[in-house]
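# Notes for the structure review
Chain residues, written in single-letter form:
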Amino acid sequence: MKAYRAAILRFSTDDRTAIYDEDGLLVIGPDATGRQVVRAVGAYSSLAGDFPGVAVEHLPGRILAPGFVDLHIHFPQTDVIGSPAEGLLPWLDNFTFPHESRFVDAAYAREVAIVFLDELLRNGVTTALTFATSHPSSVDALFEASKARGLRMITGKVLQDRHSPDGVRDHTEQSLIDTEALINRWHGVDRLGYAITPRFAPSCTDAQLRGAGELAAKYKDVWIQSHVAENLDEVKWARELFPASRSYLSIYNDFGLMRERAIYAHCIHFDDEDRALMRDTGTAAAVSPTSNLFLGSGFFDYAGADRVGFKYGLASDVGGGTSFSPFHTMLAAYYVGREGQTKPGLSIPPHQLWWQHTAGAAEALGLAGTVGNLQPGCEADFIVLNPRATPLLARKTQQSRNLEELLFAMIVLGDDRLIERVVISGAR
Ligand SMILES: [Zn+2]
């Protein structure tokens, strides 16, 4: 066992509130199955006596916090970040599809997988639900690289058998055979998980969506990920392609692709029937604010989501998103919350922004109590923050009068410089 003495941020398991020990103790050790987990956490003064003989590393002035969970990102778009376009559909055609076609080359996929994981970890992101490309080799590349580092990562081969150019378009029957083979090869190996990954309804034939739904029913603990209701042109197109479905979202439900462990990016242009469908099926939204602001897609309606009561968490959506940094994503989520012209505007409290990128995102994945928190039993993936990492952060955080002010100073001013150390399964 090993222990750390520092300030500690974690979240209540009953609600979304933050728990903060200014002088805390985090004790890490193996559980019955040998996984490195949190064995105890709390105030140093009350816990220290319970662990005689356990080495304690003292980190004065530092904050231990759960590793961030990114609920939606595209690892093959690491190099697409920052590509200007006239909205979503031109961005796909002019930048994203040409780039993703390169992942047919396994060596190239392996190279980008390493850059991608390096960048996630530099930014304190320890778990991600990420798209691969339509090439099975891209999935193998990311799983191999994640396994080598002991990371909890979830990905899947993209399904797109129509309305996609040569080089990324797949074949209906083979795409489903490949998906099932990848599930059997990777799902549940170490900390890896597979996600059935239709790109979005307009890129998939009925037969491909039906096959994906059948796999989702057969492999119930496998994840599902896709996009929905990001932009109005896309919504219109999806409605034209699937006129029998009540809404864009309900296309997915009609093919058996909404359930627990199903995560849909964006979820912007919804009505209350869509929101109720999310809630009733246990489906979660990956809110992607930097991407939505960058592409001018619209604003996620937090008040609507909470009024009806469906699950959501935060996501970078790189390369539509503009940053790997959870601090940039949390700040953009604040802007999106504030917007009050197309929906009710509200100020999301800082601890709630943080919750959406840690414990809330984990809950959306069905991994509450596994990652995204530092409660006893959680896997020992955490970050060490230095709130004095820059001169302005040092000035600002020293003047914080309470936890909300401290968290908001880091959200507004923070980036990868705040992340001093990343610990995966109890190891640096
Ligand atoms: Zn996306």
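Residue indices begin from 1 for each chain and proceed along its sequence in written order. Totals for whole chains, interfaces and linings use all residues, but because this is a predicted model, local features are given only for residues with pLDDT of at least 70 and pairs of side-chain atoms are given and counted only at 80 or more. Note that the side-chain values use all heavy atoms of the structure and ignore hydrogens as well as water.

### A word on the packing of aromatic side chains
Pairing of aromatic rings covers Phe, Tyr and Trp, the last counted by its six-membered ring, and requires centre-to-centre distances within 6.5 Å; plane angles under 30 degrees mean stacked, over 60 mean edge-to-face, and any other angle means tilted. Enumeration over the complete set of coordinates arrives at 19 aromatic pairs. Summarising the aromatic geometry, the rings of Phe300 and Tyr302 are spaced 5.0 Å apart at their centres and angled 85° between planes, so their arrangement reads as edge-to-face. Like Phe300, the residue Tyr302 is buried in the burial classification. Every member of this aromatic cluster is reached through a ring pair, and the members are Phe75, Phe103, Tyr108, Phe116 and Phe324. Burial here depends on accessible area, computed with a 1.4 Å probe over protein chains only, as a share of the maximum for the residue type. Under 20% is buried, over 50% is exposed, and the range in between is partly exposed.

### A look at the coordination of the zinc ion
Think of the donor list as every N, O and S atom within 2.8 Å of the metal, or within 3.2 Å for Na, K and Ca; water never makes the list, so a site can look incomplete. Taken together, the protein ligands of the zinc ion are His72 (NE2), His74 (NE2), His227 (NE2) and Asp317 (OD), with distances of 2.0 to 2.3 Å. Taken together, the four donor atoms coordinating the zinc ion and their angles of 86 to 169° define a geometry best described as irregular. All donors of the zinc ion come from a single chain, and their spacing in sequence reads H-x1-H-x152-H-x89-D. Across the pair, His74 and His72 agree in class, each one buried. A four-donor site is classed as tetrahedral when every donor-metal-donor angle falls between 85 and 135 degrees; four donors are called square planar, and six octahedral, when trans pairs exceed 155 degrees and all remaining angles lie between 65 and 115, with any other arrangement labelled irregular.

### Here's the deal with the pattern of salt bridges
Each reported salt bridge corresponds to a side-chain nitrogen of Lys or Arg within 4 Å of a carboxyl oxygen of Asp or Glu. The final tally for this structure, using the stated rule, is 32 salt bridges. In this structure, the salt-bridge partner of Arg122 is Glu119, at a minimum N-O distance of 2.8 Å. Taken together, the residues Arg122 and Glu119, both in helix H3 (residues 106–122) and three residues apart, mark about one turn of the helix. As a salt-bridge pair, Arg122 and Asp416 come within 3.1 Å of each other at their nearest N and O atoms. Taken together, the positions of Arg122 in helix H3 and Asp416 in the loop between helix H16 (403–413) and strand S15 (419–423) put the pair 294 residues apart, joining distant regions of the chain. Take Arg122: its relative accessible area is 41%, and that puts it in the partly exposed class. Every helix listed is a DSSP run of H or I at least four residues long, and every strand listed is a run of E at least two residues long, numbered separately from the N terminus.

### Focus on the state of the cysteines
Pairs of cysteine sulfur atoms within 2.5 Å are identified as disulfides in what follows. Inspection of every chain in the model, using the stated rule, returns zero disulfides. The thiol sulfur of Cys267 is not disulfide-bonded, and the nearest other cysteine sulfur, from Cys204, lies at 16 Å. By relative accessible area, Cys267 is classed as buried at 2%.

### With respect to the packing of H3 against helix H4 (residues 136–149)
The axes are straight lines fitted to the C-alpha atoms, using for helices just the contacting stretch, and the angles between their N-to-C directions are given from 0 to 180°. Packing of H3 against H4 brings their axes to within 8 Å, and their N-to-C directions diverge by 45°. The angle between H3 and H4 falls in the class oblique. Where H3 crosses over H4, the handedness of that crossing is right-handed. Residues Ala106, Ala109, Arg110, Ala113, Ile114, Phe116, Leu117, Asp118 and Leu121 of H3 form the contact with H4, whose participating residues are Ser137, Ser138, Ala141, Leu142, Glu144, Ala145, Ser146 and Arg149. We call two directions roughly parallel when the angle between them is under 35 degrees, roughly antiparallel when it is over 145, roughly perpendicular when it lies between 65 and 115, and oblique otherwise. By definition, any crossing whose near helix is turned counterclockwise from its far helix by less than a right angle is left-handed, and any crossing with a clockwise turn is right-handed. Two residues qualify as a contact provided that any one of their heavy atoms is within 4.5 Å of a heavy atom in the partner residue.

### Comments concerning the sheet that holds strand S1 (residues 2–11)
Note on pairing: two strands pair once DSSP finds at least 2 bridges between them. The strand order across the open sheet built from six strands is S3-S2-S1-S4-S14-S15, with neighbouring strands paired in mixed fashion. The open sheet has two free edges, formed respectively by strand S3 (36–43) and S15, since each of these has just one partner strand. The average angle at which neighbouring strand axes cross in this sheet is 40°, direction not considered. Pairing of strand S4 (residues 56–66) with strand S14 (residues 382–385) involves four bridges; the strand directions are antiparallel.

### Some points on the pairing of strand S7 (residues 152–156)
For S7, the tally of buried residues reaches five of five residues, placing the bulk of the element in the interior. Here S7 shows two buried faces, one formed by Arg152, Ile154 and Gly156 and the other by Met153 and Thr155. With five bridges connecting them, strand S6 (residues 125–131) and S7 associate as parallel partners. The residue of S7 that forms the bridge with Phe131 is Gly156. You can see the chain leave S6, run along H4 and come back into S7, and the turn it takes is right-handed. A crossover gets the label right-handed when its path from the first strand over the helix to the second runs clockwise, viewed with the strands pointing away from the viewer.

### Re the nonpolar core
Throughout this description, the term nonpolar core refers to a set of buried Ala, Val, Leu, Ile, Met, Phe, Trp, Tyr and Cys residues connected via side-chain atoms within 4.5 Å. Membership of the largest hydrophobic core comes to 103 residues, with the highest contact counts inside it found for Tyr248, Phe300, Trp354, Leu385 and Met410. Ranked by the residues each element gives to this core, the list is headed by H3, at eight residues. Setting aside its immediate chain neighbours within four residues, Tyr248 contacts Phe200, Ala201, Pro202, His227, Val228, Ala229, Glu234, Val235, Ala238 and Arg239. One finds Ile154, Ala265, Ala286 and Leu367 within the second-largest nonpolar core, a separate group that totals 17 residues.

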